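A look at the structure
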Amino acid sequence: MHDVKGIEVFTDKWQTESFDETRYKNVMYWMYTSPYVGLLVAFIISLSISIKRKWWWLNSLLVFILSYMLKRFDIDGWHYLKIIFLTPGQFFNHHSAWYYLANGLPMLMLGFVLFYSKWTNRFITPPLLVVDQQIIAPSGESVPQQRTSGED
């Protein structure tokens, strides 16, 4: 057995595993960059939804910049929110995939619910304008009306 200098980390079974300097640097790098990677992925999803639904794309950009600044200067409130959002993972070993799944999936589901909920879509989507019984979209183009069976 080779002797590796580094930090010994205890697992739940009281066995130790080697945690050398290179592995420690990799873990610290990903711990620092993963919030920003997640923020970038959320921005791309939000931007694609905005473009698809013909919302103003600048809203997504403003939220991205604001979120980045709040995270960068550590005033985003994550210190308090992580007590709530990281509780499901406490039932699993910190080095297992179940820990990350238990913590990540509820937050991912919350994000999808917020992105696709009718309440947020109604809040963002501007109302249609009716002029002389013709529906006008916010872009200025006319929206074709569907005829009901009682109209003849």
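Look above for the structure.
**A closer look at the overall build of the protein**
When you go through the protein residue by residue, the secondary structure sums to 5 helices and 5 strands. For the protein, buried positions account for 14% of its 152 residues. Within the protein, contacts between residues separated by at least 24 positions form 25% of all contacts whose residues are at least 6 apart in sequence. Of the roughly 13,100 Å² that the protein leaves accessible, carbon and sulfur atoms contribute 67%.

**Some points on the pattern of salt bridges**
Taken as a whole and judged by the stated rule, the model has 1 salt bridge. A salt bridge links Lys 25 to Glu 21; the shortest N-O distance between them is 3.4 Å. Of the two residues, Lys 25 and Glu 21 both sit in helix α1 (residues 21-52), 4 residues apart, roughly one turn of that helix. Each member of the pair Lys 25 and Glu 21 is classed as exposed.

**What to know about the packing of α1 against helix α2 (residues 58-72)**
Interaxial distance between α1 and α2 falls to 9 Å at its minimum, and their mutual angle equals 165 degrees. The angle between α1 and α2 places the two elements in the roughly antiparallel class. Judged by the sense of rotation from one axis to the other, the crossing of α1 with α2 is right-handed. Counting all contacts with α1, which are made through Pro 35, Tyr 36, Leu 39, Leu 40, Phe 43, Ser 46, Leu 47 and Ser 50, the residues of α2 involved are Ser 60, Leu 61, Phe 64, Ser 67, Tyr 68, Lys 71 and Arg 72. In the contact of α1 with α2, the residues fall into 9 nonpolar, 4 polar and 2 charged.

**A look at the packing of aromatic side chains**
Scanning the model with the defined rule gives 7 aromatic pairs in all. Between Tyr 29 and Trp 30, the aromatic rings sit 5.3 Å apart at their centres with planes inclined by 75 degrees, giving edge-to-face as the arrangement. We classify Tyr 29 as partly exposed; its relative accessible area is 48%. Ring plane angle 80 degrees and centroid distance 5.2 Å describe the contact between Tyr 99 and Tyr 100, whose orientation is recorded as edge-to-face. Sitting over the ring of Phe 73, Arg 72 keeps its end group 6.0 Å from the ring centre.

Rules and cut-offs
- Residues numbered from 1 in each chain as written.
- Predicted model: local features only at pLDDT ≥ 70, side-chain atom pairs only at ≥ 80, totals over all residues.
- Heavy atoms only, no water.
- Helix = DSSP H or I, 4+ residues; strand = E, 2+ residues; numbered from the N terminus.
- Buried < 20%, exposed > 50% of the residue type's maximum accessible area, 1.4 Å probe, protein only.
- Contact = heavy atoms within 4.5 Å.
- Areas by Shrake-Rupley, 256 points an atom, 1.4 Å probe, with all protein chains shown as cover.
- Salt bridge = Lys/Arg side-chain N within 4 Å of Asp/Glu carboxyl O.
- Axes fitted to C-alpha atoms, helices over the stretch in contact; angles between N-to-C directions.
- Parallel < 35°, antiparallel > 145°, perpendicular 65-115°, else oblique.
- Left-handed = near helix turned anticlockwise from the far one by under 90°.
- Nonpolar A, V, L, I, M, F, W, Y, C, P; charged D, E, K, R; others polar.
- Phe/Tyr/Trp six-rings, centres within 6.5 Å; stacked < 30°, edge-to-face > 60°.
- Lys NZ or Arg CZ within 6 Å of the ring centre and 35° of its normal.

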